[in-house]
Every structure is written in C-alpha cells, then in structure tokens.
Amino acid sequence: MEMRILAMISGDNTLQNIFDGNDDVYKLMAAMAFRNGDTNVVTQDDRDRAKVLCLAVSYGMGSYALAHHLRTTSRSDAEDLKSEFLSKFPGMATFIKRKITILIAPMKHLIFSHAS
C-alpha cells in the first residue's frame, strides 16, 4: 500500500508503471534497480534489498539503521546503495528531497531564531 501511495504522490513514472500489472512490486523494483529490468535474474536477496530500500527511503530511515537492515558493512555502503536505488526512480528521489526540505525548514528557523 505504501508504495502505491508513494508512486501516486511522487509522480515517479517508473514506479507508477510497476503497478500496472499484478506482479510482485518489490521484485520489479529490484529488477529495475539492480538487474537492468530483467526479472528472471532477480534473487530473493535483491527483492529483500529493494523492499528495505524503498520503505527506508519513504520513511526517512537514516544510514546507520539502513546499513543494519541491509546487513552491509558500513553506513557509506548503505548510502551508496540508496543513491543507486534512487537514481532508478528519479521522481521518488525528487519527492523525498522536497519532503525533507519542507520538514527541515521550520526546524532551521526555530533553531536559528533562538540562537542569539
């Protein structure tokens, strides 16, 4: 459900097209992100990574927690995977950046207005 909503509100055409059929959404996302669109070579690990990345990005999970959930060796590796994943879904990436900017702006104002 979350991914369908994210597809609609982000306007990401790639993500929206994934919902045209009745296929496994996370398998299709894994194919797009990691296997050049070929669902025949997507492994269960690819699917699991795509699911974790998509949910992590949509809920704003930090790189430390993402590294833990992806079972990678470092935050840097997790950030690299996240960037690679988002590069395949540009509408989602733009939406997430906009959402972060909108959420952070009031906090910046609050912090800096009381700093003096």
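The structure under discussion appears in the preceding block.
Attention here is on the structure that accompanies the text. Every value quoted in this text rests on a predicted model; they were computed, and no experiment measured them.

**Things to note about the packing of aromatic side chains**
For the structure on display, the rule yields two aromatic pairs. Pairing Phe 34 with Phe 85 gives two aromatic rings, centres 6.4 Å apart and planes at 35°, and the pair type is tilted. Remark: Phe 85 occurs in helix H6 (residues 75–87) and Phe 34 occurs in helix H3 (residues 25–34); sequence separation between them is 51 residues. The pair Phe 34 / Phe 85 is uniform in exposure class, with both members buried. Aromatic side chains Phe 85 and Phe 89 sit 5.1 Å apart centroid to centroid with 50° between the ring planes, which places their arrangement in the tilted category. Exposure class is identical for Phe 85 and Phe 89. Each is buried. Connected via pairs of aromatic rings, a cluster forms that spans Phe 34, Phe 85 and Phe 89. Over the ring of Phe 34 we find Arg 49; its NZ or CZ atom is 4.1 Å from the centre of that ring.

**A short note on the packing of helix H5 (residues 63–70) against H6**
Remark: H5 packs on H6, axes separated minimally by 8 Å, with the N-to-C direction vectors making an angle of 85°. Taken together, the axes of H5 and H6 are roughly perpendicular relative to one another. Listed contacts from H6 to Ser 63, Tyr 64, Leu 66, Ala 67 and Leu 70 of H5 are Arg 75, Ala 78, Glu 79, Leu 81 and Lys 82. Among the residues making up the contact of H5 with H6, the classes are represented as six nonpolar, one polar and three charged.

**Notes on the pattern of salt bridges**
By the definition in use, this model includes three salt bridges. Between Asp 24 and Arg 47 there is a salt bridge; the shortest N-O distance is 2.7 Å. Here Asp 24 is found in the loop between helix H2 (13–18) and H3, whereas its partner Arg 47 is found in helix H4 (residues 44–59), with 23 residues between them in sequence. Between Asp 46 and Arg 35 there is a salt bridge, and its shortest N-O distance comes to 2.7 Å. Here Asp 46, found in helix H4, pairs with Arg 35, found in the loop between H3 and H4; they are eleven residues apart in sequence, far enough to count as distant. Accessibility expressed as a relative area gives 32% for Arg 35, which makes it partly exposed. Residues participating in the shared-partner salt-bridge network are Arg 35, Asp 46 and Arg 49.

Thresholds applied
Residues numbered from 1 in each chain as written. Predicted model: local features only at pLDDT ≥ 70, side-chain atom pairs only at ≥ 80, totals over all residues. Heavy atoms only, no water. Phe/Tyr/Trp six-rings, centres within 6.5 Å; stacked < 30°, edge-to-face > 60°. Helix = DSSP H or I, 4+ residues; strand = E, 2+ residues; numbered from the N terminus. Buried < 20%, exposed > 50% of the residue type's maximum accessible area, 1.4 Å probe, protein only. Lys NZ or Arg CZ within 6 Å of the ring centre and 35° of its normal. Axes fitted to C-alpha atoms, helices over the stretch in contact; angles between N-to-C directions. Parallel < 35°, antiparallel > 145°, perpendicular 65-115°, else oblique. Contact = heavy atoms within 4.5 Å. Nonpolar A, V, L, I, M, F, W, Y, C, P; charged D, E, K, R; others polar. Salt bridge = Lys/Arg side-chain N within 4 Å of Asp/Glu carboxyl O.

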